[in-house]
Amino acid sequence: MINFVGAGPGAVDLITVRGKALLEEADLIIYAGSLVNPGLLDYAKADCRIMDSASMTLEEVLAAMKDAEERGEMTVRLHTGDPCLYGAIREQMDILDKWGIAYEYTPGVSSFSAAAAALKAEYTLPGVSQSVIITRTEGRTPVPERQTIIDYAAHGATMVIFLSTGLVEKLSKELIRGGYSADTPAAIVYKASWPEEKVFRCTVAGLAETAERAGLKNTALILVGPFLTGAYERSRLYDPDFSHTCRRAKEK
Ligand code: SAH
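Since the structure is predicted, the reported quantities are computational estimates derived from the model, not experimental observations. (Residues numbered from 1 in each chain as written. Predicted model: local features only at pLDDT ≥ 70, side-chain atom pairs only at ≥ 80, totals over all residues. Heavy atoms only, no water.)

**Here we look at the pattern of salt bridges**
How we decide: A side-chain nitrogen of Lys or Arg and a carboxyl oxygen of Asp or Glu constitute a salt bridge if their distance falls within 4 Å. A simple rule labels every residue: compare its accessible area, found with a 1.4 Å probe on the protein chains alone, to the largest value its type can have, and call it buried under 20%, exposed over 50%, or partly exposed in between.
Tallied over the full model, the rule gives 10 salt bridges. Here R71 and E73 are joined by a salt bridge, their closest N and O atoms 3.8 Å apart. Look at E73 and you get buried, because its relative accessible area is 16%. For the salt bridge of E196 with K191, the shortest nitrogen-to-oxygen distance reads 3.2 Å.

**Quick notes on the UniProt feature "domain: Tetrapyrrole methylase" (unreviewed entry) in the protein chain**
What counts here: UniProt positions are given in the numbering used here, feature names are shortened, and annotations may be inferred rather than shown by experiment. A run of DSSP states H or I qualifies as a helix once it reaches four residues; a run of E qualifies as a strand once it reaches two. Both are numbered from the N-terminal end.
Taking the UniProt record as the reference, the feature "domain: Tetrapyrrole methylase" (unreviewed entry) is found at residues 1-207. Across residues 1-207, the secondary structure splits into 28% helix and 21% strand, with the terminal C-alpha atoms separated by 44 Å.

**Thoughts on the layout of surface pockets**
Quick note on the threshold: For cavity detection a 1 Å grid was placed over the protein atoms alone, and a set of points counts as a cavity when a 1.4 Å probe fits there but cannot get out; an open set counts as a pocket when protein lies on both sides within 12 Å along at least five of seven lines, with lining residues being those that have an atom within 4 Å of a point. Grid points are joined across faces, edges and corners, and a volume is the space filled by probe spheres set on the points. Three classes are used: nonpolar for Ala, Val, Leu, Ile, Met, Phe, Trp, Tyr, Cys and Pro, charged for Asp, Glu, Lys and Arg, and polar for all others, with Gly counted as polar.
Put simply, the largest pocket is a space of about 990 Å³. Split into classes, the residues belonging to the lining of the largest pocket amount to 20 nonpolar, 16 polar and five charged. Empty space within the second largest pocket amounts to approximately 170 Å³. Considering the residues around the second largest pocket, the lining is formed by R136, G139, R140 and T141. A class-by-class count of the residues in the lining of the second largest pocket yields no nonpolar, two polar and two charged.

**Quick notes on the sheet that holds strand 4 (residues 75-79)**
For clarity, the cut-off: The rule for pairing is simple: two strands pair if DSSP sees at least two bridges between them. Axes, fitted as lines to C-alpha atoms, cover a helix only where it is in contact. Angles between the N-to-C directions of the axes lie from 0 to 180 degrees.
Spatially, five strands are ordered 3-2-4-1-5 in an open sheet, and the strand pairing comes out parallel. Both edges of this open sheet fall to strand 3 (49-52) and strand 5 (103-106), since each of them pairs with a single strand only. Pairs of neighbouring strands in the sheet enclose a mean axial angle of 15°, with direction left out of account. Two strands pair when backbone bridges link them, and strand 2 (residues 28-31) and strand 3 are joined in this way by four bridges, in the parallel orientation.

**Thoughts on the site of the ligand**
Here is the rule: Proximity is defined per residue: if any heavy atom of the residue lies within 4 Å of a molecule or strand, that residue is considered near it. Here a polar contact is recorded for every N or O atom pair within 3.5 Å, except that within protein the pair must consist of a potential hydrogen donor and a potential acceptor, and residues adjacent in sequence are included only if both atoms are side-chain atoms. In this description, a molecule resides in a pocket or cavity if more than half of its atoms sit within 2 Å of the grid points defining it. How far each domain reaches was decided by an automatic or database domain assignment.
In the vicinity of the ligand there are 18 residues, among which L85, S110, S111, A192 and A220 approach most closely. A distance of 2.7 Å separates a nitrogen atom of the ligand from a polar backbone atom of L85. Most atoms of the ligand, that is more than half of them, are within 2 Å of grid points of the largest pocket. The residue makeup of the shell around the ligand, split by class, is 11 nonpolar, five polar and two charged. Split by domain, the shell around the ligand shows at least three residues from each of two domains, domain 1 (2-106) and domain 2 (111-228).

**As for helix 2 (residues 58-70)**
This is how the line gets drawn: Each residue after the first adds 1.5 Å to the expected span of a helix. It is the directions from the helix axis to the C-beta atoms whose arc is reported.
With 13 residues, helix 2 should reach 18 Å at 1.5 Å per residue; the first-to-last C-alpha distance of 18 Å fits that figure. Within helix 2 the residues assigned to the buried category are V61, L62, A64, M65 and A68. Along helix 2, the residues classed as buried sweep out an arc of 155° about the axis, all on the same side. Exposed positions of helix 2 whose direction lies more than 90 degrees from the buried face are E59 and E70.

**Focus on the pairing of strand 2**
Side chains on a regular strand alternate between the two faces of the sheet. By the alternation rule, side chains of strand 2 split into L28 and I30 and I29 and Y31, which are all buried. Where strand 2 lies against strand 4, four bridges are found, and the strand directions are parallel. Bridge pairing in strand 4 links I29 to V76.

**So, the packing of aromatic side chains**
To keep it simple, the criterion reads: Stacked, edge-to-face and tilted labels apply to pairs of Phe, Tyr and Trp rings (six-membered ring for Trp) whose centres lie within 6.5 Å, assigned for plane angles under 30 degrees, over 60, and everything in between, in that order. Definition used: whenever NZ (Lys) or CZ (Arg) falls within 6 Å of the ring centre and also within 35 degrees of the ring normal, the charge is taken to sit over that ring.
What the rule picks out here adds up to four aromatic pairs. Residues Y86 and F162 carry aromatic rings whose centres are separated by 5.2 Å and whose planes lie at 45° to one another, so their mutual orientation is tilted. Here the residue Y86 occupies a position in the loop between strand 4 and helix 3 (90-99), and F162 occupies one in strand 7 (residues 158-162), the gap between them amounting to 76 residues. Note on F162: relative accessible area 9%, which makes it buried. With a centroid separation of 6.3 Å and 25° between ring planes, the pair formed by F112 and Y123 is classed as stacked. Here the residue F112 occupies a position in helix 4 (residues 111-119), and Y123 occupies one in the loop between helix 4 and strand 6 (132-136), the gap between them amounting to 11 residues. Through successive ring pairs, a cluster of aromatic residues spans F112, Y123 and F227. Here the basic side chain of K66 rests over the ring of W99, its NZ or CZ set 4.8 Å away from the ring centre. The aromatic ring of W194 is capped on one face by K191, whose charged end is 3.9 Å from the ring centroid.

Okay, here's the thing in structure tokens:
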């Protein structure tokens, strides 16, 4: 059996209970060494084999899984955050399907959740933003037409931008071209939930300077939108004048 497991954003106690149990049980762990906290490997049993996929190709990862499967072993494929975002897991699952090898998939806490926690922020504030756009800038991986930063900036919604710390200058220009004002609040969260976590608050226009001054190259998220500062409406859910399925409005 193969288990795809979300490792969480970094802190070793932010993996799920299920994910930790699978690590404890695994005979082989293939982990994404460039981003997964190696401290998670302490959960592995003494005779567990461990491989870092950072220097491996898709074919090599799959060959290692197949080999473990033939020995009757359990493999954990450990991906950073939640594997459903930029995890490159579909291409692994499709080949396992073709080979008739069974797998399960355990979600994880994404770094975009850990970044909100680091900022002590809520992405969806009434009257400010009710949507979160999770995206990336176009780098060596192209983005499909109509899915550019410029297209998304037009909405003025909360944006969480992955994989873009090396391209902040371009990003900042595109956010402004798309419709955000230069003084829209922005933040960069480096290594959310890791011991070395850092939070930088700036504006959309100041993103490049902030990233450069901090020397940030990778493992950071860029957050953009008025959710970071300013006024919002209180929630209806907890409003005394508002009735819903679990509570009647208070008598005046
Ligand atoms: N599946 C992962 C994302 C993998 S893509 C998730 O759900 O978080 C890798 C990118 O994620 C990095 O370039 C960076 O932009 C972001 N990232 C991953 N972990 C991070 C962390 N702890 N803090 C900030 N950004 C992080």
